[in-house]
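Now for the letters of each chain:
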Amino acid sequence: MPSRSLLADAFRAHPVHVHQKHIDFTSLQEIPDSHKWTQIDDEQHPLVDPLITESVPVIDLSDPNVLQNIGHACKTWGVLQVTNHGIPTSLLENIESASRSLFSLPIQQKLKAARSPDGVSGYGVARISSFFSKLMWSEGFTIVGSPLEHFRQLWSQDYTKFCDIIEEYKKEMQKLARRLTWLMLGSLGITKKDLKWAGSTGESEKGSAALQLNYYPACPDPDQAMGLAAHTDSTLLTILYQSNTSGLQVLKEGIGWITVPPIPGGLVVNVGDLLHILSNGMYPSVLHRAVVNRTKHRLSIAFLYGPPSSVEISPLQKLVGPNHPPLYRPVTWNEYLGTKAKYFNKALSSVRICAPLNGLADVNDHNRVRVG
Ligand SMILES: C=C1C[C@]23C[C@@]1(O)CC[C@H]2[C@@]12CCC[C@@](C)(C(=O)O1)[C@H]2[C@@H]3C(=O)O
Ligand SMILES: O=C(O)CCC(=O)C(=O)O
Ligand SMILES: [Fe+2]
């Protein structure tokens, strides 16, 4: 993953100080006050009526209509599941089992690889925790660049085996993310000529990425806990492997929180804020969250994909015109991550330069999220 130091720089300027005690979830019979959320089921976005059959589109990447299908899903949902994506099942099994090994280490061991307040990589709570008064029922491990130094702290013996799995996973995900980016842009009529940085195959121009391993322990009272609070990703797109336990929910405007059920071999793809900006709001980034389970723990692995971190992203020329003024100012990924670290779900609104012509609020002005 190139440009690693630049991505890390975004957080050096905006350190995240979460006054947390690192908790050993395995020893808890009930939820401590620090983790009790009181307003999870936001009245504005209730859980949907079970009779509503709306579900996140599943798209077969080998389907001849893939371009239209992806375009429609991005426009109407901002999220889709893909099958026939070419990622070997064995690789998904390996990354899942490596992640399980990591999170099942004793807490003192995991803390040897803790993320520092102004760092980007390592073990810790979700970065967004600092925006909430309550803590989330989850643990995370972020990888930007090589995990070697951290993994050496975790496993003194066989850390290279775990590093190899991560490297292989990043390589395959990078290829899939590029392919998906072109399908999404292609569905908007954008070609490689329209977007120089994305067309390049040069090593340093491939785009930057982060890998986020999430672990949600089983929870004695799931209705009072939050796995990962509602957010959008600051990426172009995110590819999420959620193994076989459900927990991911996406907000569908006008309907509510919809669960994205794991499908065998499927991968979830989220539209992120940078694609939202690039598409001038045509492909809205999706607000999503993770809920927890009384009996089962859950793992998810997110590949967060963005442009080379110092390339300026702004609404594509082909998508703007007299009736479609550019809605966002140019911003680099690096700068946007800093903005997100400061404003969280108001980051997208903070780079907005123009109100929509119809005077209505942008559906994705993500400033409606409640604090626990
Ligand atoms: C590149 C990144 C996106 C991310 C921050 C990060 O540096 C690595 C972790 C990513 C993640 C994963 C969980 C949700 C999220 C909002 C967070 O707190 O950390 C995202 C960040 C993001 O997309 O803004
Ligand atoms: O665990 C999940 O399903 C969601 C994870 C997520 O949203 C993230 O890592 O950004
Ligand atoms: Fe996310």
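Because the structure is a prediction, the values reported are computed rather than measured.

On to the pairing of strand β7 (residues 237–241). Within β7, five of the five residues are buried, which leaves it mostly tucked inside the rest of the structure. As defined by bridge partners, β7 adjoins strand β10 (residues 267–271) across four bridges and the pair is classed as antiparallel. Paired with Thr-238 across the two strands is Asn-270, which belongs to β10. Taken together, the five bridges between β7 and strand β12 (residues 298–306) define a ladder with antiparallel strand orientation. Residue pairing in the sheet places Tyr-241 in a bridge with Ile-301 of β12.

A few words now on helix α9 (residues 333–343). Of all the residues in α9, the buried ones are Trp-333, Asn-334, Tyr-336, Leu-337, Gly-338, Thr-339 and Lys-340. Phe-344, located one to two residues past α9, shows a positive phi value of around 50°.

This part covers the site of ligand 2. Ligand 2 sits among 13 residues. The nearest are Asn-214, Tyr-216, His-288, Arg-298 and Ser-300. His-231 places a polar side-chain atom, nitrogen or oxygen, 3.2 Å from an oxygen atom of ligand 2. Burial of ligand 2 by the surrounding chains reaches 96%, relative to a free accessible area of 300 Å². Placement of ligand 2 is best described as lying within the largest cavity. Contributions of two or more residues to the shell around ligand 2 are made by β5 (208–216), β6 (228–231), β11 (288–290) and β12. Within the shell around ligand 2, the residues separate by chemical class into six nonpolar, five polar and two charged.

Residues Ile-70, Phe-141, Phe-151, Leu-180 and Met-184 are the most contacted members of the largest nonpolar core, which totals 92 residues. If one sorts the elements of this core by residue count, helix α6 (residues 159–186) sits on top with 14 residues. Apart from residues lying up to four places away in sequence, Ile-70 is in contact with Ile-59, Leu-61, Leu-80, Leu-180, Leu-183 and Met-184. Of all hydrophobic cores here, the second largest spans 18 residues; its members include Ile-23, Cys-219, Ala-225 and Met-226.

It is worth spelling out the packing of aromatic side chains at this point. For any pair of aromatic rings, geometry is given as the distance between the ring centres together with the angle between the planes. Applying the stated rule across the entire model yields nine aromatic pairs. Ring geometry for Phe-132 versus Phe-344: centroids 5.7 Å apart, planes at 80°, classification edge-to-face. With Phe-132 in the loop between β3 (122–124) and β4 (139–143) and Phe-344 in the loop between α9 and α10 (347–350), this pair connects stretches of sequence that are 212 residues apart. You'll find Phe-132 and Phe-344 in the same group, each marked buried. A centroid spacing of 5.8 Å and a plane angle of 50° characterise the contact between Phe-141 and Phe-151, whose relative ring orientation is tilted. In this pair, Phe-141 is assigned in strand β4 and Phe-151 in helix α5 (residues 148–154), connecting sequence segments 10 residues apart. Assigned by exposure class, Phe-141 and Phe-151 land together as buried.

Our next topic: empty space enclosed by the protein. Throughout the structure, instances matching the rule amount to five cavities of 30 Å³ or more. Around the largest cavity, the lining is made up of 43 residues, and of these Arg-127, Gln-212, His-231, Asp-233 and Leu-304 lie nearest the centre. Of all the secondary structure elements, the ones that give two or more residues to the lining of the largest cavity are α1 (4–12), β4, β5, β6, β7, β11, β12 and α9. Looking at the lining of the largest cavity residue by residue, the classes come out as 21 nonpolar, 15 polar and seven charged.

We now examine the side chain of Glu-139. Position of Glu-139 among the secondary structure elements: in strand β4. Among the polar contacts listed, one links the side chain of Glu-139 to the side chain of Tyr-123, at a separation of 2.6 Å.

Overall, antiparallel pairing links the four strands, which are arranged β6-β11-β8-β9 in an open sheet. The open sheet has two edge strands with one neighbour each: β6 and β9 (256–259). Strand-to-strand twist in this sheet, taken as the mean axis angle between neighbours without regard to direction, amounts to 25°. Pairing of strand β8 (residues 248–252) with β9 involves four bridges; the strand directions are antiparallel. Looking across to β9, one finds that Val-250 is bridged to Ile-258.

UniProt feature "domain: Fe2OG dioxygenase" (unreviewed entry): in the numbering of this structure it lies at residues 207–307. Along residues 207–307 one finds 6% helix and 44% strand; the C-alpha atoms at either end are 4 Å apart.

So, on to unusual backbone geometry. At Ser-243, a residue that is not glycine, the phi angle is positive and equals roughly 40°. Secondary-structure assignment places Ser-243 in the loop between β7 and β8. Owing to a relative accessible area of 11%, Ser-243 belongs among the buried residues under this scheme. The residue Asn-280 is not glycine, and still its phi comes out positive at about 55°. Among the secondary structure elements, Asn-280 is positioned in the loop between α8 (273–278) and β11. Classification of Asn-280 as buried rests on a relative accessible area of 9%.

Reading the values: rules and limits
Residues numbered from 1 in each chain as written. Chains lettered and ligands numbered in written order. Predicted model: local features only at pLDDT ≥ 70, side-chain atom pairs only at ≥ 80, totals over all residues. Heavy atoms only, no water. Buried < 20%, exposed > 50% of the residue type's maximum accessible area, 1.4 Å probe, protein only. Helix = DSSP H or I, 4+ residues; strand = E, 2+ residues; numbered from the N terminus. Pairing = 2+ DSSP bridges. Near = heavy atom within 4 Å. Polar contact = N/O pair within 3.5 Å; in protein donor to acceptor, adjacent residues only side chain to side chain. Areas by Shrake-Rupley, 256 points an atom, 1.4 Å probe, with all protein chains shown as cover. 1 Å grid on protein atoms, 1.4 Å probe; cavity = no way out; pocket = protein on both sides within 12 Å on 5 of 7 lines; lining within 4 Å. Sits in = over half its atoms within 2 Å of the grid points. Nonpolar A, V, L, I, M, F, W, Y, C, P; charged D, E, K, R; others polar. Core = buried A, V, L, I, M, F, W, Y, C linked by side-chain atoms within 4.5 Å. Contact = heavy atoms within 4.5 Å. Phe/Tyr/Trp six-rings, centres within 6.5 Å; stacked < 30°, edge-to-face > 60°. Points joined across faces, edges and corners; volume = space filled by probe spheres on them. Axes fitted to C-alpha atoms, helices over the stretch in contact; angles between N-to-C directions. UniProt positions renumbered as here; feature names shortened; annotations may be inferred.

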